Amino acid sequence: MLSTVPFDELHLIPRSGMQGAYSKIRAARESGELHVDRDMVLCFETNNPGEYILNMSRVIRRSAVSSWDLTAAEIEGRRQAHEIVAFMKKHIPGFEDCRLISTGPFIGVRESRKIDGAYKLTADDLLENRMFPDAVAMGGYPIDIHSPDGGKTNHRHLKKGSWYSIPYRCLYAPQVANLLVAGRCISATQEACSSTRLTPIVMALGQAAGTAAAMAIEKGLLPRDIGAHMRELQQKLLKDDCYIPGYKNEDAADLARTAKVSATSEKCAAANVINGHLLVNEMMGSELHLHVKVDEQTKLIARTPTVELSREQRAGLKNGKPVSLTFPGKVMYFFDPETEKNLIY
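Residues numbered from 1 in each chain as written. Predicted model: local features only at pLDDT ≥ 70, side-chain atom pairs only at ≥ 80, totals over all residues. Heavy atoms only, no water.

(A) Focus on the overall build of the chain. Helix and strand counts for the chain come out as seven helices and 13 strands. Buried residues in the chain amount to 33% of all 345 residues. Counted over contacts in the chain with a minimum sequence separation of 6, partners at least 24 positions apart contribute 57%. Surface summary for the chain: the accessible area is close to 21200 Å², and the carbon and sulfur share equals 53%. (Helix = DSSP H or I, 4+ residues; strand = E, 2+ residues; numbered from the N terminus. Buried < 20%, exposed > 50% of the residue type's maximum accessible area, 1.4 Å probe, protein only. Contact = heavy atoms within 4.5 Å. Areas by Shrake-Rupley, 256 points an atom, 1.4 Å probe, with all protein chains shown as cover.)

In structure tokens, the structure reads:
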């Protein structure tokens, strides 16, 4: 694994990450150097260059509803953090001079108690990409069940490039009239929860629950009665930039429905562009993603470096005015969707 990593070219990638070093982890565990029940190095670079989040600790056989167990788990988690950093410094190229900046403020919990809702989301719903008429959030993360004895993680992947929906009925329980939930406690099986527990997904669920709660107050309804106003709820979520594809934005005043992207010039490479989209972050910058046809068999995704937006450009975006962006001529890297590998040029 490590022999395939282009360490001398990692600086070309806007953000990097690592998954692997299985043999090094295994050797460290067998020698007694590492006492963490994980089988690989897993880390991701943050928005701060050179700063990485290490996702490598695992605390097992503790109850998330016991204050004593939570305390013991937090102590064990911090002990593991120091041990993992020592391992990275000794065995992983590029981390020789790394240092621990911080650990989480409290122990993370994958799963605990959940409601028995009007509908219980299942693994089949995810794997079959079921689109519910009362969908309020989407997810695309695979099912991953961490072994309770510290063994390998079992994965079940969605179809390539697909996603699933989460229905509003998973957010309330018929037995409790005035309750709406969001996050890990929604109505779902253990298998489904292993995917819906992800931060971006629970953020979407939180926004859906909050919007539904506001509607219930405005209309004098109970949460379960919002189901009769699902179209209105989905339109509110779409207007607030929620991602629920397949549910059409019907807001006539939304300028995004008539927005267009144009370029002042196109060079030879543009002739091979199949399609693309502009990713705009109001506070940070923009990136251009293009699907490029190299030959009859090869299609790549080209990604430009990030371009910082000025204060005037950010204001223009908010007011619906055209914004001109100039991207550097060199593409940072290509991504091959067939092999799911980055090709650096």
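(B) Representation of unusual backbone geometry in the model. The phi angle at Arg61 is positive, at roughly 60°, despite the residue not being glycine. Relative to the helices and strands, Arg61 resides in the loop between β3 (52-54) and α2 (67-91). Although it is not a glycine, Asn129 sits at a positive phi angle of roughly 55°. If you trace the backbone, Asn129 turns up in the loop between α3 (123-127) and β4 (135-139). Overall, the relative accessible area of 17% leaves Asn129 in the buried class.

(C) A look at a nonpolar patch on the surface. On the surface, a cluster of nonpolar side chains totalling about 310 Å² of accessible area is made up of Met131, Trp163 and Tyr243. Following the sequence through the fold, Tyr243 ends up in the loop between α6 (230-239) and β8 (273-280). Residue Tyr243 is classed as exposed on the basis of its relative accessible area of 53%. (Patch = residues over 30% accessible without salt bridge, like charges linked within 9 Å, V, L, I, M, F, W, Y side chains within 5 Å. Salt bridge = Lys/Arg side-chain N within 4 Å of Asp/Glu carboxyl O.)

(D) Main features of the pairing of β4. Along β4, five of the five residues are buried, which leaves the element largely enclosed by surrounding structure. With four bridges joining them, β4 and strand β7 (residues 164-167) adopt antiparallel strand pairing. When the bridges of β7 are listed, Gly139 appears paired with Tyr164. (Pairing = 2+ DSSP bridges.)

(E) Expanded view of the pattern of salt bridges. Taken as a whole and judged by the stated rule, the model has 15 salt bridges. Between Glu76 and Arg79 there is a salt bridge whose closest N-O contact spans 2.9 Å. Of this pair, Glu76 and Arg79 are both found in helix α2, three residues apart, which corresponds to roughly one turn of the helix. On the basis of relative accessibility, which here comes to 25%, the residue Glu76 falls in the partly exposed class. Among the salt bridges present, the one from Glu232 reaches Lys219, with a minimum N-O distance of 3.1 Å. On the criterion of sequence distance, the pair formed by Glu232 in helix α6 and Lys219 in helix α5 (residues 199-219) is long-range, its members being 13 residues apart.

(F) Layout of α2. The terminal C-alpha atoms of α2, which comprises 25 residues, lie 36 Å apart, in line with the 36 Å expected from a rise of 1.5 Å per residue. When we look at burial in α2, the residues that qualify are Ala73, Gly77, Gln80, Ala81, Glu83, Ile84, Val85, Phe87 and Met88. Turning to α2, the residues buried within the fold contact α1 (22-31), β2 (41-45) and β3. (Expected span 1.5 Å × (residues − 1).)

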